[in-house]
Each structure stands twice: as structure tokens, then as C-alpha cells.
Amino acid sequence: MIGYYVHHQGKGHLHRARNVARHARTPVTGLSSLPRPADWPGDWVDLPSDTGPGAALADPTAGGRLHWAPRHHRGLRTRMGAVAEWITRTSPVLFVSDVSVEVAALARLCGVPVVCAAMRGDRTDPAHVLGYDLADTLLAPWPASVPEPGWPQRWYDKTVHTGAFSRYDGRARPTGAGTGREVLMLLGAGGTELDEADLRKAAEATPDWNWTIVGGCGGWADDPWPLMCRADVIVTHAGQNAVAECAAARTPAVIVPQSRPHGEQHATARALAAAGLAIVCGHWPEPHEWPTLLAEARSNDGERWASWAPGDGAERAATLLDSLCSAQPGEEARCASR
């Protein structure tokens, strides 16, 4: 049995978990305060929320050593108790944290080997150091050809790079094409710094392009795949999931990283720029910059994305988890890095 903790912020953690779980041979139980997905292949533990009333209590970071452990918070207490009870009852062979340092630490304190989903950006704060150090394996959903710089060697030594993966890997592209000047603005569910005026000015500055907005002020789309494939250019942020979906569609992109804790999106954007995979802007462009940016992006070969997301990343992640479950005590299981 594998326990798989799914963080509730945004949609990316859940999409990633679903992709891995459906390929795993070992039964996978999801643990999250998100609703169970209809296609989840195993059990699901509904966790109480650790936010809401009473969350703004003293010392939520335990003196800077953790990310979220407010004193005397009932939601946190019952949430962690539910995880501990599940571990005690089921005796999992492995626990995946995507992503919570506190839950990873709890599982390891219960004697369960832990895999932590790695993230880009500055992870040298005490809480991340604790989580990455105690993990048996770090699962990096990006290619080994563009490693995250500045990590201590001990983290590189236990990292498995799978390449990026998304819910669209292996899905056929729909037939038909756009006008040759189709822009898809893809906003995520984890919040955005943009407003309608920013998007309107960009569209007004490029009257010969047709803009479609998904997310934010454009409304949510459960399945934007047809729009992503029809687009000539996708404009989006640098969240791991958004970039992985652009890569799966093999559609050229303009990437504008958003501010996130630990500089995660800016770190991803730097990796994409270094690999020459997308047009990267450090901030939202001025209106007059958009015609050139869209023309430059459209001239890129979308097949370049194959080096970032080869298409089998989720299968590779599942194979890793299965091999870790089957390894005997003291043995080390690894699958080849991407």
C-alpha cells in the first residue's frame, strides 16, 4: 500500500497524483482535503482542513522550523491525527508527500519511507531542508538536463528525474487547426496577479490575433486540451502543471512567472529559458511588446517540448514507487533519470 498526500492548493498536485496513481501496480490511497476524483483508482481519505477559524494562532512556523503548525488549532490536530490513524491501521510500505513537510515528517516519524515531490526555487529554509533531508527519495518532475541549481549533493544523490508529466500525456490531438493567429491565455486555479485590464490591453495591442482566456476572468474550463492544441501560442504562468500541459500539447508558449513562495515559478522560468523551450518574460509585458513576443513564440518548433515532457513521466514515477515498494530493507531502487 502507498499513501499519497495531495495538497489542496490549486489543481496541479491533484492532477499529478491522479496521473501517477493510475499507472501504479501497488494500490494507492489518496489523503487530502480535496474531494475524491471520480477516476481515482484506490481508497481516499478525506482530511479535515487545517485552515479557517482558529488558524491565525501563535507561532504557525514553530520558530521557523516548519511551514504550518499553529498552536492549539483543532483542524490541524484532527488532520494530522487522521493521517497517523491511517498509517497505523494500514501499515503502508511507502508514503508520498505532494507536498507538505509536516505530513512527510509525520509519516517518517511513524517509520514509513517517504518520497517527497521536489519543487524548484530556493528550498534552503529550515522546513524544506528537514523535508528533503528526511525523504528517502526526491521525485523531480522535470528533466535531469536542467537540474535545479544550488542543491546540496546529498539531494541530487537521491533525486529521480522523470521529466514533466500531465493529465494529457498520450492523448491524441484533435483534428483541425486555428486561424494561424490564435492565442490561449491560460490562468491557473492557484491565484493570479493579473487583472482584466492587463489582458484587455494585450489583446488590444495585437488586433490581428484572436485571444481566448481560460481561468481567472475568462471562466474555468475542466478540459482545455482542444483549446491548447488549436492555439498557435499559449500565454501562461510558470506553474509546474501549466508548463507540463503546454509541453504535452507541443504548443509554443510565452511564459510569465507569477510570484510564489520560494521563487518557484521564476526558477522554472529560468530553466525553460536556459533550455530554449519557451519565450520567457520576467514580468507582464507592456502592450507594445506583445506583437513581437507572439511572433517570436510562434516561430518556435513546438516539438522542442519533448525534451521537457517526453510523454512517459507519470509511468516512470509510478515505476519508481512500485520499485521502492518491492525493494527489500537495505536495498535501493531507482529508475533511470530523464
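Residues numbered from 1 in each chain as written. Predicted model: local features only at pLDDT ≥ 70, side-chain atom pairs only at ≥ 80, totals over all residues. Heavy atoms only, no water.

Novice: Which residues make up the side chain of T206, and what values do they have?
Specialist: You can see T206 is positioned in the loop between α6 (196-204) and β9 (210-214). When residues no more than four places from it in sequence are discounted, the contact partners of T206 are W211, W290, P291 and L294. (Helix = DSSP H or I, 4+ residues; strand = E, 2+ residues; numbered from the N terminus. Contact = heavy atoms within 4.5 Å.)

Novice: I'd love a proper account of unusual backbone geometry, names of residues and values included.
Specialist: For residues besides glycine, phi is generally negative; the peptide bonds are generally trans as well. The residue after D98, namely V99, is reached through a cis peptide bond having omega -5°. Position of V99 among the secondary structure elements: in the loop between β4 (94-98) and α3 (101-109). A positive phi angle, near 50°, is found at A62, a position not held by glycine. In this fold, A62 is placed in the loop between β3 (44-46) and α2 (74-90). A62 gets classed as partly exposed once you look at its relative accessible area, which sits at 33%. (Buried < 20%, exposed > 50% of the residue type's maximum accessible area, 1.4 Å probe, protein only.)

Novice: Kindly report on the nonpolar core, identifying the contributing residues and their values.
Specialist: Within the largest apolar cluster, 58 residues are counted, with the highest numbers of intra-cluster contacts made by V83, F95, L138, M228, W305 and W308. Leave out the neighbours within four places in its chain, and L138 touches C116, A118, Y132, W151, W155, K158, T159 and V160. By size, the runner-up hydrophobic cluster in this structure holds 25 residues, among which are V6, W44, L139 and A317. (Core = buried A, V, L, I, M, F, W, Y, C linked by side-chain atoms within 4.5 Å.)

Novice: Please provide a residue-by-residue account of the sheet that holds strand β7 (residues 159-161), values included.
Specialist: Backbone hydrogen bonds are what pair the strands of a sheet, in a parallel or an antiparallel way. Read across the open sheet, the 7 strands follow the order β3-β2-β1-β4-β5-β6-β7; overall the sheet is parallel. Every other strand in the sheet has two partners, leaving β3 and β7 as the edge strands with one partner each. For this sheet, the mean angle separating the axes of adjacent strands, direction not counted, is 20°. Bridge analysis of strand β5 (residues 114-117) against strand β6 (residues 137-140) gives 3 bridges, and the strand direction is parallel. Among the inter-strand pairings, V115 is bridged to a residue of β6, identified as T137. Contacts between helix α1 (residues 12-21) and the sheet are confined to β1 (2-6), β2 (28-32), β3 and β4, with β1 contributing the most and set at about 160° to the helix. (Pairing = 2+ DSSP bridges. Axes fitted to C-alpha atoms, helices over the stretch in contact; angles between N-to-C directions.)

Novice: I'd love a proper account of the pattern of salt bridges, names of residues and values included.
Specialist: The full count for this structure, using the stated rule, is 14 salt bridges. Two residues, R171 and D223, come together in a salt bridge whose shortest N-O distance is 2.8 Å. Of this pair, R171 sits in the loop between β7 and β8 (182-186) while D223 is found in the loop between β9 and α7 (225-230), placing the two residues 52 residues apart along the sequence. Judged by its relative accessible area of 37%, R171 falls in the partly exposed class. The partner of E303 in a salt bridge is R250, and the shortest N-O contact between them spans 3.8 Å. (Salt bridge = Lys/Arg side-chain N within 4 Å of Asp/Glu carboxyl O.)

Novice: Can you lay out the sheet that holds strand β10 (residues 233-236) for me, pointing to particular residues and giving the numbers?
Specialist: Here 5 strands make up an open sheet; going across it, the order is β9-β8-β10-β11-β12 and the pairing parallel. At either end of the open sheet lies a strand with only one pairing partner, and these are β9 and β12 (279-280). Relative to β9, β8 is paired through 5 bridges, and the arrangement is parallel. Paired with L184 across the bridge in β9 is T212. Seen against the sheet, helix α10 (residues 290-298) touches β8, β9, β10, β11 (253-255) and β12 and runs at an angle of roughly 120° to β10.

Novice: Outline the pairing of β1, listing residues and values.
Specialist: Of all 5 residues that make up β1, 5 are buried, and the element is covered over most of its length. In the classification by handedness, the crossover that spans β1, the intervening α1 and the parallel β2 is right-handed. By the bridge criterion, 5 bridges tie β1 to β4 in an arrangement that is parallel. The partner of V6 across the bridge, within β4, is D98. (Right-handed = clockwise from strand over helix to strand, strands pointing away.)

Geometric values such as these leave the question of function open.
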